[in-house]
Amino acid sequence: MSEQRGGALLRTTSSAERATFLELFFDLVFVFALTRVSQRLVADVDGAHMTTGVLRTLLLFLVLWHVWTITTWVTSRYEPERLVIQAVVVGVMFGSLVLGVTLPRALEERALAFALTYVVIMVGRPLVLMVALRGHPRRMVPVRLTGWAVATAPLWLVGALVPDLRLPLWVVALAADYLGTFLGWPLPRLGPSRIRSWLVAGEHLAERYQQIFLIALGESILVIGVSYSGERFSGRSAAAFALAFGVTALLWRLYFHRAGHLLVEALRLAGTPGRLAESAAQTHLFMVLGVLTSAVGYELVIAHPYEDADPRWLVFVVGGPALFLAARSRFEYEIFGRVSRSRLIGLVALVLLAPALTTGPALLALGVVAGVLALVALADARRARGAPPESSASPVGREALGEAGPEA
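Residues numbered from 1 in each chain as written. Predicted model: local features only at pLDDT ≥ 70, side-chain atom pairs only at ≥ 80, totals over all residues. Heavy atoms only, no water.

As recorded in an unreviewed UniProt entry, the chain goes by Low temperature requirement protein A and comes from Micromonospora robiginosa.

Structure (structure tokens):
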């Protein structure tokens, strides 16, 4: 009887594949949280030790990404209309809001609040699922997650309490959290439960990845609007404002052109959809990071459109779109098993042009980025003109589920 009650939490073939309104509501918190990441990156540019500052902010971003990703896998495996799953999502949503509020000073005086909130999320979420699943065999997955979260919790809490040890302890703790996800959270006697062997709702998961990318684009629009609507609202910055919007629109176009639309089909056709979903999650991490980095570049250019481009600014103005193109090329391989030359040429062009852009105004650098991305988009459109729609031919996850191992 307890196994049947626990099994009622699992998704079935009759479950809705689309993301629920609660999940969209959950994502609103990440619009706010990602703006905190961008603002911290802007502060890093002005700091004396930019590289160290950027790496510290990257650590905090990876914490947010880990929270979002695991929650997305939860709603893809379990029935999101069940009250207990909704309670888990709402609880994580509030915790994520606290993470966003504390993030600007998470490595300083708000460290304890940040670390404690993260630990409560990582331990509490699987613990609730473990109790709710009762005697069901899939109960072992949240057992594994709870075990790993409990093991890394002391590193987060001690790091929060001891400033001199904070950064190294948090780096080790986060690396362990990500390693656990990669290995399947193995425990003594239980072994691992690799994500690639999980049964997942492909359409739902694909939609969630598309939505987090749109959230990142929305954060960029917010940065562009806020940057230009304040003291910088003048004709002097109007061109930077327009170019920033244009680059954001091009990033949207390049993402969704064919591959972005076919992720659902690729997951449906994959022999082991969990393997492809796991790979796509990693790719989307870098695409989202590229969009966020680009947003920092927009703010810098809008603030200083005609000043000579500081080499540190180009890390964001040029580096963000370049990172996006690199990750988008991998995404294309995940869907079609090949990479378009236009994307590789665009990526190489941005890398090679970056040193020369230090001799001109920041506005010129953003204009060159817009031009390169526009040429890649035009090459996409030209290649697609008159050609029949492509189908997914993903080389990832081709093996049958039985070859990948059973779900545990």
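Picking up where we left off.
Colleague: For the overall build of the chain, give the residues involved together with the corresponding values.
Modeller: In terms of helices and strands, the chain carries 15 helices and zero strands. Its C-alpha radius of gyration of 22 Å places the chain within 12% of the 22 Å reference for a compact globule of 408 residues. Seen through its C-alpha atoms, the chain measures out along the principal axes to roughly 70 × 60 × 35 Å. Scored against the burial criterion, the 408 residues of the chain give a buried share of 55%. (Helix = DSSP H or I, 4+ residues; strand = E, 2+ residues; numbered from the N terminus. Rg over C-alpha atoms; globule rule 2.2 N^0.38 Å. Buried < 20%, exposed > 50% of the residue type's maximum accessible area, 1.4 Å probe, protein only.)

Colleague: So, helix α7 (residues 163-183): which residues are in play, and what are the values?
Modeller: Over its 21 residues, α7 extends 30 Å from the first C-alpha to the last, a length consistent with the 30 Å expected when each residue adds 1.5 Å. At L169, α7 shows its largest kink, close to 25°. The secondary structure elements touched by the buried residues of α7 are α3 (50-77), α5 (111-133), α6 (140-161) and α10 (273-303). Within two residues after α7, G184 carries a phi angle of roughly 90°, on the positive side. (Expected span 1.5 Å × (residues − 1). Bend = angle between axes of the 7 residues up to and from the residue. Contact = heavy atoms within 4.5 Å.)

Colleague: A description of the domain arrangement of the chain should follow, citing residues and the corresponding values.
Modeller: What the domain assignment reports for the chain is domain 1 (1-193) and domain 2 (202-384). Listed by partner, the interface residues are 32 residues for domain 1 and 31 residues for domain 2. The contact between domain 1 and domain 2 buries some 2900 Å² in all, and 71% of this surface belongs to carbon and sulfur atoms. Linking domain 1 to domain 2 there are two salt bridges. Notably, a salt bridge pairs R208 with D27, separated by 2.6 Å at the nearest N-O pair. (Domains from an automatic or database assignment. Buried area = accessible area lost by both parts, 1.4 Å probe. Salt bridge = Lys/Arg side-chain N within 4 Å of Asp/Glu carboxyl O.)

Colleague: How would you summarise a nonpolar patch on the surface if you had to cite specific residues and measurements?
Modeller: On the surface, L112, L116, V120, V158, L161, V162 and L165 cluster together to form a nonpolar patch covering roughly 590 Å² of accessible area. Those elements giving two or more residues to the nonpolar patch turn out to be α5 and α6. You can see V120 is positioned in helix α5. Given the relative accessible area of 53%, V120 is considered exposed. (Patch = residues over 30% accessible without salt bridge, like charges linked within 9 Å, V, L, I, M, F, W, Y side chains within 5 Å. Areas by Shrake-Rupley, 256 points an atom, 1.4 Å probe, with all protein chains shown as cover.)

Colleague: Describe the packing of α10 against helix α12 (residues 319-336), and please don't skip the residues or the numbers.
Modeller: At a closest axis distance of 7 Å, the pairing of α10 and α12 adopts a crossing angle of 160°. Regarding the angle of α10 to α12, the classification is roughly antiparallel. Seen from above, α10 lies across α12 with left-handed handedness. In terms of residue class, the contact of α10 with α12 is built from 11 nonpolar, eight polar and three charged. (Axes fitted to C-alpha atoms, helices over the stretch in contact; angles between N-to-C directions. Parallel < 35°, antiparallel > 145°, perpendicular 65-115°, else oblique. Left-handed = near helix turned anticlockwise from the far one by under 90°. Nonpolar A, V, L, I, M, F, W, Y, C, P; charged D, E, K, R; others polar.)

Colleague: Please give an account of unusual backbone geometry that cites residues and values.
Modeller: Leave glycine aside and you will find that most residues have negative phi; peptide bonds, for their part, are mostly trans. In this structure, W185 takes a positive phi of about 50° despite not being glycine. Inspection of the secondary structure assignment puts W185 in the loop between α7 and α8 (202-229). W185 gets classed as buried once you look at its relative accessible area, which sits at 5%. With phi around 75°, R189 is a residue other than glycine that occupies positive phi space. By the secondary structure assignment, R189 is in the loop between α7 and α8. Residue classification places R189 among the exposed residues on the basis of a relative accessible area of 90%.

Colleague: Please give an account of the packing of aromatic side chains that cites residues and values.
Modeller: Evaluation of the coordinates by the stated rule reveals 12 aromatic pairs. Here the aromatic rings of W156 and W170 are separated by 5.4 Å at their centres, their planes lie at 45°, and the arrangement is tilted. One end of the pair, W156, is in helix α6; the other, W170, is in helix α7, with 14 residues separating them in the sequence. W170 gets classed as buried once you look at its relative accessible area, which sits at 0%. The ring of F182 carries the charged tip of R194 above its face, separated from the ring centre by 5.1 Å. For R338, the ring lying beneath its charged end belongs to F336, and the centroid distance is 4.5 Å. (Phe/Tyr/Trp six-rings, centres within 6.5 Å; stacked < 30°, edge-to-face > 60°. Lys NZ or Arg CZ within 6 Å of the ring centre and 35° of its normal.)

Colleague: Residues and numbers for the nonpolar core, please.
Modeller: Across soluble globular proteins, you tend to see nonpolar side chains buried next to one another. Ranked by internal contacts, the top residues of the largest apolar core, which has 128 residues, are F61, W156, W170, Y209 and F324. Considering every element that reaches this core, the biggest residue donor is α10, with 16 residues. Residue-level mapping places this core at the junction of two domains, with at least three residues from each of domain 1 (1-193) and domain 2 (202-384). Setting aside residues up to four positions removed in sequence, W170 forms contacts with L59, L60, A106, L107, A111, F114, A115, L155, W156, G159 and A160. (Core = buried A, V, L, I, M, F, W, Y, C linked by side-chain atoms within 4.5 Å.)

Colleague: Describe the pattern of salt bridges, naming the residues involved and giving the relevant values.
Modeller: Going through the model one piece at a time under the given rule, you end up with 11 salt bridges. Across the salt bridge formed by R40 and E108, the nearest N and O atoms sit 3.5 Å from each other. Of this pair, R40 sits in helix α2 (residues 21-46) while E108 sits in the loop between α4 (83-102) and α5, and the two are 68 residues apart along the sequence. Owing to a relative accessible area of 9%, R40 belongs among the buried residues under this scheme. Overlapping salt bridges bring together E332, R338, R343, D380 and R383 as one network.

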